[in-house]
Structure formats: C-alpha cells, structure tokens
Amino acid sequence: MSLVLDPAAQDLLFREARTANTFTDEPVSDEQLQAIYDLVKYGPTAFNQTPLRITLVRSAEARERLVQHMAEGNQAKTATAPLVAILSADNEFHEELPALFPAFPQAKDLFFAERSAREGAAGMNAALQAAYFIIGVRAAGLAAGPMTGFDFAGVQKEFLDGDHTPLMVVNIGKPGADAWYPRSPRLAYDDVITSV
Ligand SMILES: Cc1cc2nc3c(=O)[nH]c(=O)nc-3n(C[C@H](O)[C@H](O)[C@H](O)COP(=O)(O)O)c2cc1C
C-alpha cells in the first residue's frame with residue numbers, strides 16, 4: 001500500500017515487464033515513438049543537460065548495416081525486431097545548456113568547457129535517460145530489448161559521428177513466441193539497501 005501508482009501500471013512497467021528476445025511483426029509507429037519521447041523527456045538529468053540522442057533504424061538497408069556490427073547472439077533479434085533504436089550520448093550537449101538550464105546559464109563554461117568533463121556527464125546522464133526510455137517503451141504497451149553486445153566503434157563510425165558515443169541498441173516491439181528466458185532472481189532489499 002506504500003506505492004501510489006496503480007498496481008496495473010506497476011505490473012506493466014516493472015513486475016510483468018520483461019526484456020524481449022523475439023517480436024511479432026506488428027509495426028511500431030512514429031506516433032508511438034513520439035508519445036514515448038514526450039513522456040520520458042521529463043526524466044531528470046544533471047543541469048537538465050538531456051544528452052541522450054536516439055537514432056531510429058527504419059530502412060532495411062540501415063538495419064542490415066547495423067546487424068553486421070551486433071554480437072552473433074544479438075543478430076537475429078536485431079534483424080527481426082519491428083523497430084531498432086541506437087541510443088547515444090551527445091558529448092557536445094553543452095551547446096544547448098544555456099537554453100535547457102536558463103536558471104544558471106554559466107554552467108556551460110564553468111563545468112563543461114572541457115571535453116573530458118562533458119564525456120563523463122553525457123555518459124552518466126544519457127544512461128539515465130536510456131533507462132527512462134526503456135520504461136517509456138513499456139508504458140506504450142511494448143517490450144524493449146536493450147543490448148550492449150555490439151561493436152561500439154563500428155556502430156559509431158557507421159551511424160554517428162565523433163561527438164556521439166553509442167550507449168546501447170534497443171529492439172522494440174510486441175513480444176513474440178518464446179520471447180524471454182525464465183525470470184532471473186533480483187537482489188533482496190537487505191542485500192542492496194543500507195542505512196547510515
Ligand atoms: C544495458 C543492457 C545491455 C544488455 N545487453 C544485452 C545483450 O547484448 N544481449 C542480450 O541478449 N541481452 C542484453 N540485455 C538484456 C538483459 O540480460 C536483461 O534485460 C536482464 O537479464 C533482465 O531481463 P528481464 O527484463 O527479462 O528480467 C541487456 C540489458 C541491458 C539493460
């Protein structure tokens with residue numbers, strides 16, 4: 001009774017939600033992606049820097065190029081998912097920062113003048129946003145299959161540029177037959193939470 005979120009929504013987002021390895025043919029529309037983004041864009045990031053960038057791999061030709069860079073065990077699901085997205089971190093996010101964090105426009109030059117500082121912040125905050133994105137996919141009644149098993153340098157060269165670091169590739173769609181392995185255990189509260 002401690003959670004205010006509707007129990008059905010708790011199941012949809014977490015308890016019943018699974019990482020899908022197979023998908024049906026049902027397409028995922030741009031409208032669904034727009035709705036997902038318009039929800040998860042509100043997830044918090046440091047200085048509201050929002051460094052996540054999402055590349056939708058829509059054409060068959062681009063899909064084929066991506067599959068070549070996936071680890072062998074990830075190739076079939078990436079080839080057959082209705083939609084595949086490449087999530088990356090924009091290491092030049094600071095250019096938008098004065099507009100995105102008008103309360104403190106000096107942050108751009110004070111904290112993010114150095115590329116190394118931007119890369120650290122972009123990696124951390126884009127990863128947070130990737131998690132929001134996965135939950136948003138679930139909120140749309142879809143399943144996500146996030147993957148880091150791919151050639152990062154190859155994907156960066158093929159689809160991004162030197163300012164964008166790949167984070168993960170996410171298969172998106174309705175789960176297909178035998179979509180998941182048995183649920184793996186999770187750590188218990190007492191294994192994870194300490195109080196000081
Ligand atoms: C960042 C990230 C990277 C992952 N990389 C892969 C991958 O390369 N290949 C794969 O088959 N599963 C991958 N997974 C899937 C995880 O193994 C799966 O989400 C986890 O075991 C929980 O499964 P469940 O949601 O069905 O409980 C990845 C998941 C995440 C979040």
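Please read these numbers as outputs of a predicted model, since none were measured by experiment. Counting starts from 1 at the beginning of each chain's written sequence and moves along it residue by residue. Local features in a predicted model are, by the rule used here, given only for residues with pLDDT of at least 70; side-chain atom pairs are given and counted only at 80 or more, and totals for whole chains, interfaces and linings are based on all residues. Think of the side-chain values as coming from all heavy atoms in the structure, minus any hydrogens and water.

Trainee: Could you clarify how one ought to interpret the packing of aromatic side chains in this entry?
Mentor: Geometry of an aromatic ring pair is reported as the spacing of the ring centres plus the angle between the planes. Aromatic pairs are defined between Phe, Tyr and Trp rings, using the six-membered ring for Trp, whenever the two ring centres lie within 6.5 Å; interplanar angles under 30 degrees are classed as stacked, those over 60 as edge-to-face, and all others as tilted. Applying the stated criterion across every chain, the model contains eight aromatic pairs. An aromatic cluster of at least three residues, connected via ring pairs, comprises Phe47, Phe93, Phe101, Phe104, Phe111 and Phe112.

Trainee: Help me understand the pattern of salt bridges, please; the structure alone is not making it clear to me.
Mentor: Where charged atoms from two side chains of opposite charge approach closely, those side chains can pair. Whenever a carboxyl oxygen of Asp or Glu lies within 4 Å of a side-chain nitrogen of Lys or Arg, that contact is scored as a salt bridge. Under the criterion given, the structure shown has 13 salt bridges. Here Glu26 and Lys174 are joined by a salt bridge, their closest N and O atoms 3.1 Å apart. With Glu26 in the loop between α1 (7-15) and α2 (30-40) and Lys174 in the loop between β4 (164-173) and α9 (189-192), the pair connects residues that are 148 residues apart, well separated along the chain. Note on classification: 1.4 Å probe, protein chains only; a residue is buried when its accessible area is under 20% of the maximum for its type, exposed when over 50%, partly exposed between these limits. What makes Glu26 partly exposed here is its relative accessible area of 42%. Between Asp38 and Lys41 there is a salt bridge whose closest N-O contact spans 3.3 Å. Only DSSP runs of H or I covering at least 4 residues are called helices, and only runs of E covering at least 2 are called strands; the numbering of each starts at the N terminus.

Trainee: Could you clarify how one ought to interpret unusual backbone geometry in this entry?
Mentor: Glycine aside, a negative phi is what most residues show, and trans is what most peptide bonds show. Despite not being glycine, Phe47 shows a phi value in the positive range, around 55°. Here the phi dihedral of Asp178 falls at roughly 45°; this positive angle occurs in a residue that is not glycine. Among the structural elements, Asp178 can be located in the loop between β4 and α9.

Trainee: How should I be thinking about the side chain of Asn125 in this particular structure?
Mentor: Note that Asn125 resides in helix α7 (residues 115-139). When checking whether two residues touch, look at their non-hydrogen atoms; a contact exists if any pair is within 4.5 Å. When sequence neighbours within four positions are dropped, the list of residues in contact with Asn125 reads Thr45, Ala46, Gln49 and Pro51.

Trainee: Can you help me understand the packing of helix α3 (residues 60-67) against helix α4 (residues 72-80) in this one?
Mentor: Two quantities define a packed helix pair, namely the angle between the helix axes and the distance between the axes. Each axis is a line fitted through C-alpha atoms, taken for helices only over the stretch in contact, and angles between the N-to-C directions span 0 to 180 degrees. Packing of α3 against α4 leaves a shortest axis separation of 9 Å and a crossing angle of 170°. Compared by their axis directions, α3 and α4 come out roughly antiparallel. Of the residues in α4, those in contact with Arg63, Leu66 and Val67 of α3 are Gln75, Thr78, Ala79 and Thr80. For classification, angles of less than 35 degrees are called roughly parallel, those exceeding 145 degrees roughly antiparallel, those between 65 and 115 degrees roughly perpendicular, and all remaining angles oblique.

Trainee: In this structure, what is going on with the packing of α3 against helix α8 (residues 152-159)? I would like to understand it.
Mentor: Contact geometry for α3 and α8: axes closest at 10 Å, N-to-C directions at 155°. By the angle class used here, α3 and α8 are roughly antiparallel. Crossing of α3 over α8 shows right-handed handedness. Contact residues: Ala62, Arg65 and Leu66 in α3; Val155, Glu158 and Phe159 in α8. We call Asp, Glu, Lys and Arg charged. Ala, Val, Leu, Ile, Met, Phe, Trp, Tyr, Cys and Pro are nonpolar, and the rest, Gly among them, are polar. When grouped by side-chain class, the residues that make up the contact of α3 with α8 number four nonpolar, no polar and two charged. Two helices crossing with the near one rotated counterclockwise from the far one by less than a right angle form a left-handed crossing, whereas a clockwise rotation gives a right-handed crossing.

Trainee: Could you clarify how one ought to interpret the environment of Asn74 in this entry?
Mentor: With respect to the element layout, Asn74 can be found in helix α4. Sequence separation between Asn74 and Thr55 is 19 residues, and the spatial gap between their C-alpha atoms is 18 Å. For Asn74, the residues in contact, after removing those within four places along its chain, are Met147 and Gly149. Pairing of N or O atoms within 3.5 Å defines a polar contact, subject to two protein rules: one partner must be a possible hydrogen donor and the other a possible acceptor, and residues neighboring in sequence count only if both atoms are side-chain atoms. Side-chain polar atoms of Asn74 contact the backbone oxygen of Gly149, separated by 3.0 Å.

Trainee: Got a minute to help me understand the layout of surface pockets in this structure?
Mentor: With a probe scaled to a water molecule rolled over the atoms, the places where space remains empty come into view. A cavity here means a set of 1 Å grid points, computed over protein atoms only, where a 1.4 Å probe fits but cannot escape. A pocket is an open set with protein on both sides within 12 Å along at least 5 of 7 lines, and lining residues have an atom within 4 Å of a point. Grid points are joined across faces, edges and corners, and a volume is the space filled by probe spheres set on the points. Within this model, the largest pocket holds a volume of roughly 330 Å³. Lining the largest pocket, in full, are Phe14, Ala17, Arg18, Thr19, Asn21, Arg138, Trp180, Tyr181, Pro182, Arg183, Ser184 and Arg186. Residue composition of the lining of the largest pocket, grouped by class: five nonpolar, three polar and four charged.

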